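# Chain and residue survey
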Amino acid sequence: MIRRPVDTGDPDRLYTVTGGRSRADDEFDLVTLIVSESEPTTGMQSEHARILDLCRHPTALVEIAAELKLPITVVRILLGDLLATGRITARHPRAARSAASLPDSALLKEVLHGLRNL
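To keep things clear, this report deals only with the structure shown in the data block. (Residues numbered from 1 in each chain as written. Predicted model: local features only at pLDDT ≥ 70, side-chain atom pairs only at ≥ 80, totals over all residues. Heavy atoms only, no water.)

### A look at the environment of Leu 70
Assignment of secondary structure puts Leu 70 in the loop between helix H3 (61-68) and helix H4 (72-84). Leu 70 sits in the buried class, given a relative accessible area of 7%. (Helix = DSSP H or I, 4+ residues; strand = E, 2+ residues; numbered from the N terminus. Buried < 20%, exposed > 50% of the residue type's maximum accessible area, 1.4 Å probe, protein only.)

### Here we look at the environment of Leu 54
Relative to the helices and strands, Leu 54 is located in helix H2 (residues 46-54). Leu 54 sits 10 residues away from Ile 64 along the chain, and the two C-alpha atoms are 7.3 Å apart. Apart from the residues lying within four places of it in its own chain, the contact partners of Leu 54 are Thr 59, Ile 64, Glu 67 and Leu 68. (Contact = heavy atoms within 4.5 Å.)

### So, the nonpolar core
Soluble globular proteins: nonpolar side chains tend toward being buried together. Core analysis: the biggest nonpolar cluster contains 20 residues, and Ile 34, Ile 51, Ile 64, Leu 70, Val 75 and Leu 79 have the highest contact counts within it. Secondary-structure elements contributing two or more residues to this core are helix H1 (11-17), H2, H3 and H4. When residues in this core are grouped by element, the largest group, 5 residues, is from H4. (Core = buried A, V, L, I, M, F, W, Y, C linked by side-chain atoms within 4.5 Å.)

### Details of the pattern of salt bridges
Applying the stated criterion across every chain, the model contains 3 salt bridges. The partner of Arg 56 in a salt bridge is Glu 39, with the nearest N and O atoms 3.3 Å apart. Of this pair, Arg 56 sits in the loop between H2 and strand E2 (59-60) while Glu 39 is found in the loop between strand E1 (33-36) and H2, placing the two residues 17 residues apart along the sequence. What emerges from the salt-bridge pattern is a single network uniting Glu 39, Asp 53 and Arg 56. (Salt bridge = Lys/Arg side-chain N within 4 Å of Asp/Glu carboxyl O.)

### Some remarks on the pairing of E1
In this structure, E1 lies alongside E2, joined through 2 bridges in antiparallel fashion. Bridge pairing in E2 places Leu 33 opposite Ala 60. With 4 bridges connecting them, E1 and strand E3 (residues 88-91) associate as antiparallel partners. By the bridge assignment for E3, Ser 36 is matched with Ile 88. (Pairing = 2+ DSSP bridges.)

As structure tokens, this is what we get:
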């Protein structure tokens, strides 16, 4: 049996795509929604142009990585480039303010029971 590495992407290609950068900003998590603010322009890196095309509607970072077939870290670096130039906006998921702002667990159980009865 021949074992293959998990990441079968060409390391030279990934190095070229990111311009040699290996660290991404922690600004984007997996469910951050990305929205294009402009159209791709001529001469733009093909991965950047593809991201702008994909994100005409809000698209999660993890979906972009899957569509481009690139590692999450590489996509984060590319998104950082686009954010710095104002070509995209990032919509971060909202965290619950406190446990008091969450629905009552009894109410959630009633909803679940009602859904199961459907």
